[in-house]
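In case you want the letters, here they are:
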Amino acid sequence: MKRTLSQAQLERNNMAPGADDEGFIAVNNSSATEQSTNVTVVGAGPSGLMLANNLARYGVKTTILDDRPDRTSTGKADGMQPKTIETFRQLRMVEPLLKQSCKVYDICFWENTPTTPLRRTGRKIHYPDHVGASDPYILLAHQGILEDVLIKDMEQRGLEVTRNSPFVDCSRDAEGSKLDIVYEDLNDRTKKIIKSDFLVGCDGARSKVRPVIPGAKLEGEMTNASWGVLDGVIETDFPDLWSKTAVRSHDGFSILFIPRERNLTRLYVELSATDGERIDKSLATPEYVMNKAREIMAPFKMEWKSIEWFGNYVVSQRVANHFSDPELQMFIAGDAGHTHSALAAQGANTSMHDSFNLAWKLNLVIRDVAERSLLTTYEHERRKIAQDLINFDAEHVKAFADSDEALARNFDENIRFISGVGAEYSNNVLNLFSPGQTFNGSLKPGALVSPPTRVSRYVDANPVDFQLDIPMLGQFRIYIFAPDVHASKTFISSICASLSSPTSILSRASARAEKSYAAQPPIASPEDAFVVPERYTAVSKLFTYALVTQTPKQQVEIADLPPLLQASQWTFYTDDLTSPSCTETYLGALGTDQVAIVNVRPDGYVGSLNVWDNSVTGAGEEAAKWVQGYYEGFLKR
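Quantities reported herein were computed from a predicted structural model and do not represent experimental measurements.

Participant: For this particular structure, what's the right way to read the pairing of strand β13 (residues 244–248)?
Facilitator: Each regular strand displays side chains that alternate between the two surfaces of the sheet. Of all five residues making up β13, five are buried, and the element is well covered by its neighbours. Burial of β13 is two-sided: the residues Lys244, Ala246 and Arg248 facing one way and the residues Thr245 and Val247 facing the other way are all buried. Two elements, strand β5 (residues 106–111) and β13, share five bridges in a ladder whose sense is parallel. Among the inter-strand pairings, Phe109 is bridged to a residue of β13, identified as Ala246. Here β13 hands over to strand β14 (residues 254–259) after five residues, with Gly252 in that stretch at a positive phi of 95 degrees.

Structure representation (structure tokens):
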């Protein structure tokens, strides 16, 4: 028997934006329209669209609600960091973004003093080589361009945004297993109910989903720092208009120049001096901001041919104390869970990676392949990144106010984190550190596969980017690094036989996944025909096996490999393109008598890694036990 909403809930429903005493039909068993879905996503900004897009790719039944009548057309978030660009490459969606955006490779610093005019004090490459970014630049375009890319791909998979549909409330049904999610359909002025397994609020800092999570609230600081934001076409004799440029004025005000698509420039103009009183909101107009910019930029000329978008924000540095409810059915992502300044272009990037982290975990739990407890790692990992971001942002805003030297130092100290490449997770069931094991390479649990390296794909001799070649299909990747494939033949045969045994957890989990995907398959888009995903799921929908060797191609045949790796021929690589090699970069120098195994999560983070001596009897079986031990931590047995 279905439980109706409480009177208190009905009262809250009637107080929602746009509601009135008579305009909506009361929610009850007979009048409410009811739908059913696996995941309900609230909010169609970057975070919500990234989540819904990935879920659609996985074949998870998803509903995405948005209170706006249409998508973003101008303004809002505009900067995509290197890791975000790489993620869109991994999702095979980066080309339209590159076509419509502006690339920024450097940052300039300008300042004046009471006795010296405005002058350039420095210029830096934004992302030097040591960052390890495959795309060492910021990609700039207004938020709507980013949203369009996600929406078009999503629509090709049969999922559209349900617009004019603000979220109202959520309660558990009588059985307690599903959620009754209420939203308003502003088109026909009715309230409707969605029966959903999960709810995710991606609905911004003023989230309506966050209050339905018991005890969840934003904690932190509200500052007086106010910034005006202008997107427009500027006529100026300022020489660094097409670089990212930070300008500091001796009276405590700053400007950040951001080059943009279509000859636009974004200006962040500080409206309240450091530690000053908060500016009266009525003064935060385009005219006021333009005049402030002219004043700071004197003697350079600053005139606007056109203005496309204007915004004003007060810096808030806060993190939610909870990202999920105790039952692991309701979650928040993006600005609903963390707020900060816009100065380092982190908001949309961090928000989308919240969703990227959550999507594959929801997929495995919904498909009954992983334990529900896997979802606890979402809050554990993403709340850490949010807190790291707030800590950085507080320093960054202060450095903006202090001096060019302080700002340059802040960039140098935090550049890997700013790029997204340096966002790392701590130890948990997904990120297992082997006690006493040390490596001389760059890979470590809880970190991304970085820096980029190249290898040769054996089957077609194509040089490929190691971290990008295997498409992200919601599967784990198990890499076997064997410098000498012949010396490691017994080890490789042994571990492959153990992992492919019907009794192994990998085989049993693969069987569960196979059954689930047969019943609820991913919905392909026309573009998937060029990815050819079946190449990477020939053995399992849940695991892609890969072999990396330094044995020359002419000295090994695919037929020499065990059946598990023969079936994985598209992920057989020869490590012969770079110096240092891929193996050396990631693991240090491995001897011909050594084999390394690296488990990589569906989001590209290293889960665990270890090295064995292939000459030791039984080493292959021990390695297989180690691999299974990792997956036993969160997959259903």
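Participant: Which parts of the structure should I look at to understand the pairing of strand β11 (residues 190–201)?
Facilitator: Counted residue by residue, β11 has twelve buried out of twelve residues, so it is predominantly covered. As paired strands, strand β10 (residues 179–185) and β11 are joined by seven bridges and run antiparallel to one another. If you follow Val182 over to β11, its bridge partner there is Ile193. Between β10 and β11, which pair antiparallel and follow one another directly, the connecting turn spans four residues, one of which, Arg189, has a positive phi of 55 degrees. In the sheet, β11 pairs with strand β17 (residues 330–332) via three bridges, with the strands oriented parallel. Each bridged residue has a counterpart across the sheet, and for Val200 the counterpart in β17 is Phe331.

Participant: What am I meant to see in unusual backbone geometry here?
Facilitator: Both trends apply: most residues other than glycine have a negative phi, and most peptide bonds are in trans. Going from Ser450 to Pro451, the amide bond is cis rather than trans, its omega being 0 degrees. When you line up the elements, Pro451 lands in the loop between α9 (404–419) and β19 (454–457). A cis amide bond links Ser579 to the next residue, Pro580, at an omega of 0 degrees. By the secondary structure assignment, Pro580 is in the loop between β23 (572–574) and α15 (582–587). In the Ramachandran plot, Asn164 falls in the positive-phi region, its phi being about 55 degrees despite a non-glycine side chain. Structurally, Asn164 can be placed in the loop between β8 (161–162) and β9 (167–172). Positive phi values are uncommon outside glycine, yet Leu328 reaches one of about 60 degrees. Assignment of secondary structure puts Leu328 in the loop between β16 (302–320) and β17.

Participant: Explain the environment of Asp173 to me, please; I cannot follow it from the model alone.
Facilitator: By the element assignment, Asp173 lies in the loop between β9 and β10. Classification of Asp173 by relative accessible area gives buried; the value is 5%. Sequence-wise, Asp173 and Leu159 are 14 residues apart; in three dimensions their C-alpha atoms are separated by 25 Å. Engagement of the side chain of Asp173 in a polar contact is seen with the backbone nitrogen of Ser177, the distance being 3.4 Å.

Participant: Looking at this model, I keep getting lost on the packing of aromatic side chains. Mind explaining?
Facilitator: Centre distance and the angle of the planes are the two values used to describe a pair of aromatic rings. Under the definition given, this model contains 27 aromatic pairs. Between Trp110 and Phe300, the ring centres sit 5.6 Å apart and the planes meet at 80 degrees, which makes this aromatic pair edge-to-face. Of the two residues, Trp110 is situated in strand β5 and Phe300 in the loop between α6 (286–297) and β16; the sequence distance between them amounts to 190 residues. Across the pair, exposure class does not vary: Trp110 and Phe300 are buried alike. A ring pair is formed by Trp612 and Trp626, whose centres lie 5.1 Å apart and whose planes are at 70 degrees; its orientation type is edge-to-face. Residue Trp612 is located in strand β25 (residues 606–613), and its partner Trp626 is located in helix α16 (residues 619–631); the two are separated by 14 residues in the primary sequence. Each residue in the set Trp360, Phe476, Phe543, Tyr630, Tyr631 and Phe634 is aromatic and connected to the rest through ring pairs, giving one cluster. In this structure, Lys292 is placed above the aromatic ring of Phe253, and the distance from its NZ or CZ to the ring centre is 3.5 Å. If you follow Arg367 out to its NZ or CZ, it ends over the ring of Tyr517, 3.8 Å from the centre.

Participant: Honestly, the sheet that holds strand β4 (residues 102–104) in this entry has me stumped. Any pointers?
Facilitator: One key point about sheets: their strands pair by backbone hydrogen bonds, in either a parallel or an antiparallel sense. As summarised here, the arrangement of the three strands in space is β3-β7-β4, forming an open sheet in which the pairing is antiparallel. Each end of this open sheet is capped by a strand with a single partner; those strands are β3 (79–80) and β4. The pairing of β3 with strand β7 (residues 138–140) spans two bridges and is antiparallel. Bridging from a neighbouring strand, Gly79 pairs with Leu140 of β7.

Participant: I would appreciate a short explanation of the nonpolar core in the present structure.
Facilitator: As a rule of thumb, nonpolar side chains are buried together in soluble globular proteins. Of all hydrophobic cores here, the largest spans 111 residues; its most connected members are Phe88, Leu362, Ile495, Tyr631 and Leu635. A total of nine residues in this core trace back to one element, the largest contributor, which is helix α7 (residues 347–366). Domain assignment of the residues forming this core places at least three in each of domain 1 (35–99 + 142–220 + 318–419) and domain 3 (447–633). The residues contacting Phe88, other than those within four sequence positions of it, are Met50, Met93, Val94, Leu97, Leu146, Val149, Leu150 and Met352. One finds Ala225, Trp227, Ala246 and Phe411 within the second-largest nonpolar core, a separate group that totals 33 residues.

Participant: Would you take a moment to explain the domain arrangement of the protein chain for this structure?
Facilitator: Interfaces are often described in size by the accessible area the parts lose on coming together. You can read the domains of the protein chain as domain 1 (35–99 + 142–220 + 318–419), domain 2 (222–315) and domain 3 (447–633). The C-alpha-based centres of domain 1 and domain 3 are spaced at 31 Å. Between domain 1 and domain 3, the residue contacts involve 26 residues of the former and 30 residues of the latter. Counting each side, the surface lost to burial between domain 1 and domain 3 is near 2,400 Å², with a carbon and sulfur contribution of 51%. Broken down residue by residue, the surface that domain 1 buries against domain 3 is led by Arg157, Trp360 and Arg367, which jointly contribute 26%. Taken together, the connections running from domain 1 to domain 3 amount to three salt bridges. In this structure, the salt-bridge partner of Asp368 is Arg512, at a minimum N-O distance of 2.7 Å. For the interface between domain 1 and domain 3, the tally reads 14 residue pairs in polar contact (both at pLDDT 80 or more).

About the thresholds
Residues numbered from 1 in each chain as written. Predicted model: local features only at pLDDT ≥ 70, side-chain atom pairs only at ≥ 80, totals over all residues. Heavy atoms only, no water. Buried < 20%, exposed > 50% of the residue type's maximum accessible area, 1.4 Å probe, protein only. Helix = DSSP H or I, 4+ residues; strand = E, 2+ residues; numbered from the N terminus. Pairing = 2+ DSSP bridges. Polar contact = N/O pair within 3.5 Å; in protein donor to acceptor, adjacent residues only side chain to side chain. Phe/Tyr/Trp six-rings, centres within 6.5 Å; stacked < 30°, edge-to-face > 60°. Lys NZ or Arg CZ within 6 Å of the ring centre and 35° of its normal. Core = buried A, V, L, I, M, F, W, Y, C linked by side-chain atoms within 4.5 Å. Domains from an automatic or database assignment. Contact = heavy atoms within 4.5 Å. Buried area = accessible area lost by both parts, 1.4 Å probe. Salt bridge = Lys/Arg side-chain N within 4 Å of Asp/Glu carboxyl O.

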